[in-house]
Amino acid sequence: TTKLKLSKQNIHVIIKDTVKIEMNYKSRRNNRMEQLKNESSRQYEYMEKMKKWVQKKSEELGRKLTCHVTTFGCQMNEKDSEKLLGILETIGYEEVETEEADFLIFNTCTVRENANTKLYGHLGQVKKMKERNPQMMIGLCGCMMQEEHVIEKIRSSYKFVDIIFGTHNIFKLAELLKARVDSKGMIVDIWKDTDQIVEDLPSDRKFSFKCGVNIMYGCNNFCSYCIVPYVRGRERSRKPEDIIKEVKQVVSEGVKEVMLLGQNVNSYGKTLEEPMSFAELLREVEKVEGLERIRFMTPHPKDLSDDLIEVMATSKKVCKHMHLPMQSGSSRLLKLMNRHYTKEQYVALAKKIQERIPGVSFTTDIIVGFPGETEEDFKETLDVVREVGFDSAYTYVYSKRSGTPAASMEDQVDKDVIKDRFDRLLALLKETSAKNCKKKVGDIERVLIEEENTHEEGMLTGRLENNLLVHFKGCKEQIGTMADVKLVEEKGFYYMGEQIHG
């Protein structure tokens, strides 16, 4: 064993170096914060410039310029679209419900191949709209725009598109618009990746009483069927103080429920200079006064912590609803999918959650027809559905996604076989859902009233803590408020209820 003796002089040097490193760290952090603040200010400057342009154009036309954002894909895209719409309204555009607007944005998804086909179909229709309205500008953004072959196709076949940008520079919309009106040519601004998180920009929320709050961006998991890590980039977490600030702000504006969003919320905090776990973040969000409900999307089974389960079990605000994507019940397929857990580990985790949080609502994602899926593999998926007893599931037919490892796998499953399995899965899920629903009949539940029921006059639709819907009599003035509702009848995936007054 070698013994190292340090003199006072050596210790002094080490301490000096440590202080120097700490100062460098603080300096880098402060510089980064200043850069993000400056970027936010830059974008507001572009908004002011575009505001003048929009005002002038509106005066020339004798009417307000209109805008519309069409969103494909996940809740992360929905949140991005709220930011895009917020910027457009800040510079003077007026939102309309139709795509026949002066500025139309398609916020795209590329998780499945048919999403690309869907966009190209829309663009064919939009070309005719633009011919009728010379003022019209078209913007394309989102995940699909992160693929090089897509950009090449749009440049060659859809030359009437005005602006193209991706997932990493949503905040630059006003700047890109300014470049477009100055150059009068197609603007393409695609970032391969970024470590920037530019917030403090306008946002137009879809609902006044609930909203999503991004806590992180990107994904490091690289599931073999998924394109998301390639188009959303590597994981990067927002600072907790910025998240809490946003939550407090939306609550002050009337929001009662927030959905914390991330591709894998379990990974939250790993990229922060001062790491914080997702469970710790939940505890901080719960402290926000006036906030009544907290949801989150999406955790990953491979690294869901006991601490997170404990927070859910003891919290008065975190909803007792766990959406835990399974994808398959076959350990063999899970390995091919690069999911990092087995069937047995998933079931054990589900049981642990159900034991610690009695009555928890369990939902999941399931892919049918992954390459090489045998009847035995599929039966294992059905076994897990029966054992866990899911309340509902997002079920998908496997879609070959170019650029992912699974796309080149052999033994692609026949479409007729997939359809048969898909139908059998849906039938089983209907059984488990109905069984779970019946357990709550007669209970009085707290409900967030979300909208008027479109099928019957005088009826409202509210959402339970477990994320299921209930329809009951009420008046539209109650939308956005909480109410106590007795669950009278189960309908498989929803309830009929009676509002309890007083």
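Residues numbered from 1 in each chain as written. Predicted model: local features only at pLDDT ≥ 70, side-chain atom pairs only at ≥ 80, totals over all residues. Heavy atoms only, no water.

**Comments concerning the pairing of strand E17 (residues 469-473)**
What counts here: Strands are labelled as partners when DSSP assigns at least two bridges between them. Only DSSP runs of H or I covering at least 4 residues are called helices, and only runs of E covering at least 2 are called strands; the numbering of each starts at the N terminus.
Alignment of strand E16 (residues 459-463) against E17, held across five bridges, turns out to be antiparallel. In the strand pairing of E17, Met459 is matched with Lys473.

**Description of the packing of helix H9 (residues 306-314) against helix H11 (residues 343-356)**
Just so we agree on the cut-off: The axes used here are C-alpha line fits, helices contributing only the stretch in contact, and every angle between their N-to-C directions lies in the interval 0 to 180 degrees. The cut-offs work like this: below 35 degrees is roughly parallel, past 145 is roughly antiparallel, 65 to 115 is roughly perpendicular, and the gaps in between are oblique. For any helix crossing, the convention is left-handed if the near helix is rotated counterclockwise from the far helix by under a right angle, and right-handed if that rotation is clockwise. Residues count as neighbours in contact if any of their non-hydrogen atoms are within 4.5 Å of one another.
Interaxial distance between H9 and H11 falls to 9 Å at its minimum, and their mutual angle equals 30 degrees. The pairing of H9 with H11 is recorded here as roughly parallel in orientation. In the packing of H9 onto H11, the handedness of the crossing is right-handed. Each of Asp306, Ile309, Glu310, Ala313 and Thr314 in H9 lies in contact with H11, whose residues at this interface are Leu349, Lys352, Ile353 and Arg356.

**Some details on the pattern of salt bridges**
Rules: Here, a salt bridge means any Lys or Arg side-chain nitrogen found within 4 Å of an Asp or Glu carboxyl oxygen.
Under the criterion given, the structure shown has 37 salt bridges. Across the pair Glu489 and Lys491 runs a salt bridge whose closest N-O atoms are separated by 3.1 Å.

**What about the sheet that holds strand E2 (residues 94-95)?**
Spatially, six strands are ordered E2-E1-E3-E4-E5-E6 in an open sheet, and the strand pairing comes out parallel. With partners counted over all chains shown, the strands left at the sheet margins are E2 and strand E6 (187-189), one partner each. Relative to strand E3 (residues 103-108), strand E1 (residues 66-71) runs parallel, the two being bridged by five bridges. Residue pairing across strands places Val69 opposite Ile105, the latter belonging to E3.

**Observations regarding the side chain of Asn107**
For clarity, the cut-off: The classification of residues rests on relative accessible area computed with a 1.4 Å probe and restricted to protein chains. Under 20% of the type maximum is buried, over 50% is exposed, and intermediate values are partly exposed. Identification of polar contacts relies on pairs of N or O atoms within 3.5 Å, with a donor-acceptor requirement for protein atoms, meaning one able to donate a hydrogen and the other able to accept it, and with residues adjacent in sequence counted only if both atoms are side-chain atoms.
Tracing the backbone through its elements, the reader meets Asn107 in strand E3. Given a relative accessible area of 0%, Asn107 falls into the buried group. Within the structure, Asn107 has its side chain in polar contact with the side chain of Ser81 (distance 3.0 Å).

**Observations regarding H11**
The condition is simple: An expected span of 1.5 Å times one less than the residue number is assigned to each helix. The directions from the helix axis to the C-beta atoms form the arc being described.
Given a rise of 1.5 Å per residue, 14 residues ought to cover 20 Å, and the 20 Å separating the end C-alpha atoms of H11 matches this to within 8%. Lys343, Tyr346, Val347, Leu349, Ala350 and Ile353 are the residues of H11 that are buried. Seen from one end, H11 has its buried residues packed into an arc of 160 degrees, which puts them on one side. Along H11, exposed side chains directed more than 90 degrees from the buried face belong to Glu344 and Glu355. Contact partners of the buried residues in H11: H9, strand E12 (321-323), helix H10 (331-336), strand E13 (361-368) and helix H12 (375-388).

**A look at the environment of Ser157**
Topologically, Ser157 is positioned in helix H4 (residues 148-157). Taking the relative accessible area as the measure of exposure, Ser157 reaches 46% and is therefore partly exposed.

**What about a negative patch on the surface?**
Using the following cut-off: What goes into a patch is any residue over 30% in relative accessible area without a salt bridge, connected to like charges within 9 Å or, for nonpolar side chains (Val, Leu, Ile, Met, Phe, Trp, Tyr), within 5 Å. The method behind every accessible area is Shrake-Rupley, applied with a 1.4 Å probe, and residues are considered shielded solely by the protein chains displayed. Residues scored as positive are Lys and Arg, those scored as negative are Asp and Glu, and His as well as the terminal groups of each chain are ignored. Taken as the charge centre is NZ of Lys, CZ of Arg, CG of Asp or CD of Glu, depending on the residue.
Together, Glu89, Glu94, Glu95 and Glu97 line one region of the surface with negative charge. Here Glu95 shows up in strand E2.

**Section: the sheet that holds E12**
Hydrogen bonds between backbone groups are what pair the strands of a sheet, and the pairing can be parallel or antiparallel. The strand order across the open sheet formed by three strands is E12-E13-E14, and the pairing between neighbours is parallel. The outermost strands of the open sheet, each flanked by one partner alone, are E12 and strand E14 (392-397). Strand-to-strand twist in this sheet, taken as the mean axis angle between neighbours without regard to direction, amounts to 10 degrees. The strands that helix H13 (residues 415-440) touches are E13 and E14; relative to E14, the one it contacts most, it runs at about 175 degrees.

**Some details on the nonpolar core**
Definition in use: Take the buried Ala, Val, Leu, Ile, Met, Phe, Trp, Tyr and Cys residues and link them wherever side-chain atoms come within 4.5 Å; each set so joined is a nonpolar core.
Val258, Leu260, Phe278, Phe296, Ile353 and Phe362 are the most contacted members of the largest nonpolar core, which has 69 residues in total. Ignoring sequence-local partners within four residues, the contact set of Ile353 consists of Leu304, Ile309, Met322, Leu324, Val360 and Phe362. In this structure, Tyr46, Val54, Leu85 and Tyr93 belong to the second largest nonpolar core, which totals 30 residues.

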